[in-house]
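Letter by letter, the chains look like this.
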Amino acid sequence: MTKVVFITGASSGIGAAAALAFAKANCHVAGVARRLERLQSLQAQIDALPAPHGDFLPLAGDVTQAEEIQQAVAAALERFGKLDVIVVNAGLGHRGAVADAEWDDIETLLRTNIDGALHTIRAGVPALRANGSGHILTVSSVTFNMVSPYAATYGASKAFLSSLAASLRIELAADHILVTDFLVGRTETEFNEKRLGAGKRSSGGIPTMKPEQVADAMVRVVLKQPNKQRVILRFFDRLLVLGNTLIPGIIGQLAKRQYK
């Protein structure tokens, strides 16, 4: 049976790549973002794929607004009749000292990365329960356990998301809803350019990957490896997560050079 996937932050980067990858895998996709024109362009790209492929529903919505995400879920249900997968992807980056950064930037980050995740999960879980099962994919970061001076608020927001995923996995087990947390390393997207705060571009030296690599892993997990609880895509990123655990002070000093 064709799966229906609900993706936030679908207008660019990992979200757009995921929408395209799931459609290629013959899944129907409801993509949510603030930039409707980007979603409509993505719809045209998906419509032009060789058959068979899934359908794409573009939905304008801001994850910081609970009502808009609830309306988006309702529209997806009206179009496709069910939801099987929720990809909690929408997020922003931030750089700046905790005590000195502009509060508006910090608040925007928290409202997007934390409130947005909660709004998406709270709007989508009833639909998964009604379906009798489901799968939630959270797009976190390898910084979730990092001592990250000058990127502390972003890292903390991803620590929240990964902690939330671990708890949801237990809370929702009785509802047959799986939760997979993706710890994503540096990826070639608009993330750097859209980053809030000072010094928006990162220095070099950190390997990057294509968003399609993350998207393909999402499809693989949903269709072939649904019981995976955590995904770290690259050996470098696994080393970084391990280093964050074993030598956080050293990793923090290295991170300082990247983020200050």
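Procedures and definitions
Residues numbered from 1 in each chain as written. Predicted model: local features only at pLDDT ≥ 70, side-chain atom pairs only at ≥ 80, totals over all residues. Heavy atoms only, no water. Helix = DSSP H or I, 4+ residues; strand = E, 2+ residues; numbered from the N terminus. Rg over C-alpha atoms; globule rule 2.2 N^0.38 Å. Buried < 20%, exposed > 50% of the residue type's maximum accessible area, 1.4 Å probe, protein only. Patch = residues over 30% accessible without salt bridge, like charges linked within 9 Å, V, L, I, M, F, W, Y side chains within 5 Å. Areas by Shrake-Rupley, 256 points an atom, 1.4 Å probe, with all protein chains shown as cover. Salt bridge = Lys/Arg side-chain N within 4 Å of Asp/Glu carboxyl O. Polar contact = N/O pair within 3.5 Å; in protein donor to acceptor, adjacent residues only side chain to side chain. Contact = heavy atoms within 4.5 Å. UniProt positions renumbered as here; feature names shortened; annotations may be inferred. Axes fitted to C-alpha atoms, helices over the stretch in contact; angles between N-to-C directions. Parallel < 35°, antiparallel > 145°, perpendicular 65-115°, else oblique. Left-handed = near helix turned anticlockwise from the far one by under 90°. Nonpolar A, V, L, I, M, F, W, Y, C, P; charged D, E, K, R; others polar.

## A word on the overall build of the protein
Helix and strand counts for the protein come out as nine helices and nine strands. Its C-alpha radius of gyration of 18 Å places the protein within 12% of the 18 Å reference for a compact globule of 260 residues. Taken over the C-alpha atoms alone, the protein extends approximately 50 × 35 × 35 Å along its principal axes. Across the 260 residues that make up the protein, the buried fraction comes to 53%.

## With respect to a nonpolar patch on the surface
The grouping of Phe 235, Leu 239, Leu 242, Leu 246, Ile 247, Ile 250 and Leu 254 at the surface amounts to a nonpolar patch, some 690 Å² of accessible area in total. Secondary-structure elements contributing two or more residues to the nonpolar patch are helix H8 (235–246) and helix H9 (248–259). A per-element tally of the nonpolar patch places H8 first, with four residues. Locating Phe 235 in the fold gives a position in helix H8. Residue class for Phe 235 comes out exposed when judged on its relative accessible area of 57%.

## As for the side chain of Thr 112
Relative to the assigned elements, Thr 112 resides in helix H4 (residues 103–131). Thr 112 sits in the buried class, given a relative accessible area of 10%. Here the side chain of Thr 112 touches Thr 108 through a polar contact of 2.8 Å, landing on its backbone oxygen. Apart from residues no more than four positions distant in its own chain, Thr 112 is found in contact with Val 63, Thr 64, Ala 90, Gly 91, Leu 92 and Ala 117.

## Describing the UniProt feature "domain: Ketoreductase" (unreviewed entry) in the protein
In the numbering used here, UniProt assigns the feature "domain: Ketoreductase" (unreviewed entry) to residues 3–180. Segment residues 3–180 splits into 49% helix and 19% strand. End C-alpha atoms: 17 Å apart.

## Here's the deal with the packing of helix H1 (residues 13–24) against helix H7 (residues 211–224)
It is the contact of H1 with H7, at a shortest axis distance of 8 Å, that shows an interaxial angle of 50°. With respect to their mutual orientation, H1 and H7 come out oblique. The two elements H1 and H7 meet at a crossing, and its hand is right-handed. Within the contact between the two elements, H1 uses Gly 13, Ile 14, Ala 17, Ala 18, Ala 21 and Phe 22 and H7 uses Pro 211, Glu 212, Val 214, Ala 215, Asp 216, Met 218, Val 219 and Val 222. Partitioned by chemical class, the residues of the contact of H1 with H7 number eleven nonpolar, one polar and two charged.

## Section: the packing of helix H3 (residues 66–80) against H4
The N-to-C vectors of H3 and H4 enclose an angle of 30°; their axes lie 9 Å apart at closest approach. On the basis of the axis angle, H3 is roughly parallel to H4. Where H3 crosses over H4, the two elements pack in a sense that is right-handed. In contact with Ala 66, Ile 69, Gln 70, Val 73 and Leu 77 of H3, H4 contributes His 119, Thr 120, Ala 123, Gly 124 and Ala 127. Of the residues assigned to the contact of H3 with H4, the class counts are six nonpolar, four polar and no charged.

## Here we look at the environment of Ala 165
Of note, Ala 165 is situated in helix H5 (residues 152–171). A C-alpha to C-alpha distance of 6.4 Å links Ala 165 and Val 179, two positions 14 residues apart in sequence. Contacts of Ala 165, omitting those with residues within four sequence positions, involve Thr 138, Val 179 and Asp 181.

## Quick look at the environment of Thr 2
Relative to the helices and strands, Thr 2 resides in the segment before strand E1 (4–8). Residue classification places Thr 2 among the partly exposed positions, given a relative accessible area of 31%. Along the sequence, Thr 2 and Gly 132 sit 130 residues apart, while their C-alpha atoms lie 15 Å from each other. The residues touching Thr 2, leaving out its near neighbours within four places in the chain, are Asn 26, Cys 27, His 28, Lys 82 and Asp 84.

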